[in-house]
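Reading the structure
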Amino acid sequence: QVQLVESGGGLVQPGGSLRLSCAASGSIFSINAMGWYRQAPGKQRELVADVTRGGNTNYADSVKGRFTISRDNAKNTVYLQMNSLKPEDTAVYYCNADLIQLGPYRYLELWGQGTLVTVSS
């Protein structure tokens, strides 16, 4: 069973920082793109940032210059460093991964369970 497990959410004051982590586990052959999405109450899920296996990154305009996505391929883990957080960053953050599972080989798109980030004073 391949799964994504997230950690690192919580309550932070405006201007503060948080670091999210997402680890993929199970019978994995390779992981292509990994990314973070978020969904605020009453809004659609949106892309925050993603990163290819080779390290190419893509960010939503709203987080450019404040958030940094990175990954450790040896650990099958993706991180999201969030700085200068704003109340409008409050949302449930979901990890996403495109990967190839072992035994038998098959393509999967997986989502994590979500972790809540609340930015409030």
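Parameters at a glance
- Residues numbered from 1 in each chain as written.
- Predicted model: local features only at pLDDT ≥ 70, side-chain atom pairs only at ≥ 80, totals over all residues.
- Heavy atoms only, no water.
- Phe/Tyr/Trp six-rings, centres within 6.5 Å; stacked < 30°, edge-to-face > 60°.
- Helix = DSSP H or I, 4+ residues; strand = E, 2+ residues; numbered from the N terminus.
- Buried < 20%, exposed > 50% of the residue type's maximum accessible area, 1.4 Å probe, protein only.

**Description of the packing of aromatic side chains**
Taken as a whole and judged by the stated rule, the model has two aromatic pairs. Measuring from centroid to centroid gives 5.0 Å for Phe 29 and Tyr 105, while their planes differ by 85 degrees, and the two rings are edge-to-face. Here Phe 29 is found in strand E4 (residues 28–39), whereas its partner Tyr 105 is found in the loop between strand E9 (91–101) and strand E10 (106–111), with 76 residues between them in sequence. Residue classification places Phe 29 among the partly exposed residues on the basis of a relative accessible area of 49%. Tyr 105 gets classed as exposed once you look at its relative accessible area, which sits at 57%. Ring centres 4.9 Å apart and planes at 65 degrees place the aromatic pair Tyr 37 and Trp 111 in the edge-to-face group. Residue Tyr 37 is located in strand E4, and its partner Trp 111 is located in strand E10; the two are separated by 74 residues in the primary sequence. The exposure class assigned to Trp 111 is partly exposed, which follows from its relative accessible area of 34%.

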